[in-house]
Amino acid sequence: MNFTTSALFCTGTAALIATATAENTWMTDFSAALKKAEAEKKLVLADFTGSDWCSACILLRRTVLDTAEFGDWAKDKFVLLEIDLPRRRNLDATLRAQNEALAARYNIISYPSILALNENGEVMGGFEGNVKSVKEAIVPLENARRNAENFRKLPTLKDTARARVLNDIYHHFPKSKTFAAIRTDIREQALTADPNKLTNIHLEAAVEEQAEQFRQERSALIINSPEMKQLLKRQLRDAYPANRPAVQQELCQYALATAENTADIAAARKLFEELIPQLAPEQADETQNFVDTFFADPEALLRMLKASRPQ
């Protein structure tokens, strides 16, 4: 590529980037964004970001949210709203006060956090952290649009019909920490609307409650204590099928943490091999690769484990 061609290429690339950014117009006034969303029958996509300190936020904007591809998809569906909390850059005092109040209101605990809001400012969904592509970002945002449509139906529904719609919202709501309280509230509403247990929400609630109880029980013990081994065996015995892989993983980690000889390493490998069929395909492949790599030389693995333990 000669100098002239290279210069034209760089100029053209810069123009494309500028065009992509220009297409994605970000508002900063929360109230104005809600009014615009109501008038245009859209949701608000609120980007809680730290523009001068959060590398994941900067990357998300550059590679996803400010691209022409995302702008083309979002323009008929979302009003874009930036909620920026910079640490070094000066921000208008009124705008900073608004953004800090919004971060507190929506319990923003990690950045970036993307919230999809209806015209009343109610959370319909979204995602936390950086995503790697426009396609990956679209999935939770389409779920949020589905949730918004379902929420509009709720006032007209009763009994089992209401429970089924709430159950659908629950299944399409993010599971991450920012959304946990709202998701729990949706689950409780679904349980109340389905006293005859005609949906699967009751079983799913029991599974989640057991998983949380198990986590709390484990957190109270030292990882390599004999009591932990007994607890894990009891949890594995009592676990719902959906919770068994998580307990089995903990048992695998315990076996590695307490291995004293190659026979223990062999027993640990067997636990991992029992775990693999319970995992989703991608995770199963990763775990199989781990087993094939680290258990290939049991004596070397034992030495490494012992060397890594606190003296």
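Residues numbered from 1 in each chain as written. Predicted model: local features only at pLDDT ≥ 70, side-chain atom pairs only at ≥ 80, totals over all residues. Heavy atoms only, no water.

## Considerations on the sheet that holds strand β1 (residues 43–49)
Reasoning step 1: Pairing is mixed across the open sheet formed by four strands, whose spatial order is β2-β1-β3-β4. Edge positions in the sheet fall to β2 (78–84) and β4 (123–128), since each of these pairs with one other strand and no more. Here the strands of the sheet are splayed against their neighbours by 20° on average, with no regard to which way each runs.
Reasoning step 2: In this sheet, β2 lies alongside β1 in parallel orientation, the contact comprising seven bridges. Bridging across to β2, Asp-47 finds its partner in Glu-82.
Reasoning step 3: Across the sheet, helix α2 (residues 30–40) lies against β1, β2 and β3 (113–117), angled at about 170° from β2, the strand it touches most. (Pairing = 2+ DSSP bridges. Helix = DSSP H or I, 4+ residues; strand = E, 2+ residues; numbered from the N terminus. Axes fitted to C-alpha atoms, helices over the stretch in contact; angles between N-to-C directions. Contact = heavy atoms within 4.5 Å.)

## What to know about the state of the cysteines
Reasoning step 1: What the rule picks out here adds up to one disulfide.
Reasoning step 2: Across the disulfide, Cys-54 is cross-linked to Cys-57 (sulfur-sulfur distance 2.3 Å). In this structure, the disulfide formed by Cys-54 and Cys-57 twists by about 75° around the S-S bond and is classed as right-handed.
Reasoning step 3: Assessed through its relative accessible area of 6%, Cys-54 is described here as buried. (Disulfide = S-S within 2.5 Å. Buried < 20%, exposed > 50% of the residue type's maximum accessible area, 1.4 Å probe, protein only.)

## Here's the deal with the packing of aromatic side chains
Reasoning step 1: Counted under the stated rule, the structure contains nine aromatic pairs.
Reasoning step 2: With a centroid separation of 5.7 Å and 35° between ring planes, the pair formed by Trp-73 and Phe-78 is classed as tilted. Note on accessibility: Trp-73 and Phe-78 belong to one class, buried.
Reasoning step 3: Between Phe-272 and Phe-290, the aromatic rings sit 5.4 Å apart at their centres with planes inclined by 45°, giving tilted as the arrangement. Residue Phe-272 is found in helix α12 (residues 262–275), and its partner Phe-290 is found in helix α13 (residues 281–294); the two are separated by 18 residues along the sequence. (Phe/Tyr/Trp six-rings, centres within 6.5 Å; stacked < 30°, edge-to-face > 60°.)

## Describing the side chain of Asn-118
Reasoning step 1: On the secondary structure map, Asn-118 appears in the loop between β3 and β4.
Reasoning step 2: A polar side-chain atom of Asn-118 sits 2.9 Å from the main-chain amide nitrogen of Asn-120.
Reasoning step 3: Not counting residues within four places of it along the chain, the set of residues in contact with Asn-118 comprises Leu-34, Leu-43 and Met-124. (Polar contact = N/O pair within 3.5 Å; in protein donor to acceptor, adjacent residues only side chain to side chain.)

## Topic: helix α6 (residues 134–153)
Reasoning step 1: Spanning 20 residues, α6 covers 29 Å between terminal C-alpha atoms, matching the ideal 28 Å at 1.5 Å per step.
Reasoning step 2: By the burial criterion, the buried members of α6 are Val-134, Ala-137, Ile-138, Pro-140, Leu-141, Ala-144, Asn-147, Ala-148 and Asn-150. (Expected span 1.5 Å × (residues − 1).)

## What about the pairing of β2?
Reasoning step 1: The buried count for β2 comes to seven of seven residues, which makes it a mostly enclosed element.
Reasoning step 2: Side chains Phe-78, Leu-80, Glu-82 and Asp-84 project from β2 onto one buried face, and the interleaved Val-79, Leu-81 and Ile-83 project onto a second face that is buried too.

## A word on the confidence of the model for the protein chain
Reasoning step 1: Within the protein chain, residue pLDDT values average 91, and 93% of them lie at 70 or more.
Reasoning step 2: The low-confidence segment residues 1–22 (pLDDT under 50) makes five contacts with residues lying over four places distant or belonging to another chain. (pLDDT = per-residue confidence, 0-100.)

## A look at unusual backbone geometry
Reasoning step 1: Omega for the peptide link from Tyr-111 to Pro-112 comes to -5°, which places this bond in the cis form.
Reasoning step 2: In the Ramachandran plot, Lys-41 falls in the positive-phi region, its phi being about 55° despite a non-glycine side chain.
Reasoning step 3: Turning to its location among the elements, Lys-41 is positioned in the loop between α2 and β1.
Reasoning step 4: Residue classification places Lys-41 among the exposed positions, given a relative accessible area of 73%.
Reasoning step 5: The phi dihedral of Asp-159 is positive, around 50°, even though this residue is not glycine.
Reasoning step 6: Tracing the sequence through the fold places Asp-159 in helix α7 (residues 159–171).

## As for the pattern of salt bridges
Reasoning step 1: In this structure the tally under the stated criterion is 20 salt bridges.
Reasoning step 2: Notably, a salt bridge pairs Glu-40 with Lys-36, separated by 2.7 Å at the nearest N-O pair. Here Glu-40 and its partner Lys-36 are both found in helix α2, four residues apart, which amounts to about one turn of the helix.
Reasoning step 3: We classify Glu-40 as partly exposed; its relative accessible area is 34%.
Reasoning step 4: For Arg-187, the salt bridge identified is with Glu-188, shortest N-O distance 3.3 Å.
Reasoning step 5: On the accessibility criterion, Glu-188 (35% relative accessible area) is partly exposed. (Salt bridge = Lys/Arg side-chain N within 4 Å of Asp/Glu carboxyl O.)

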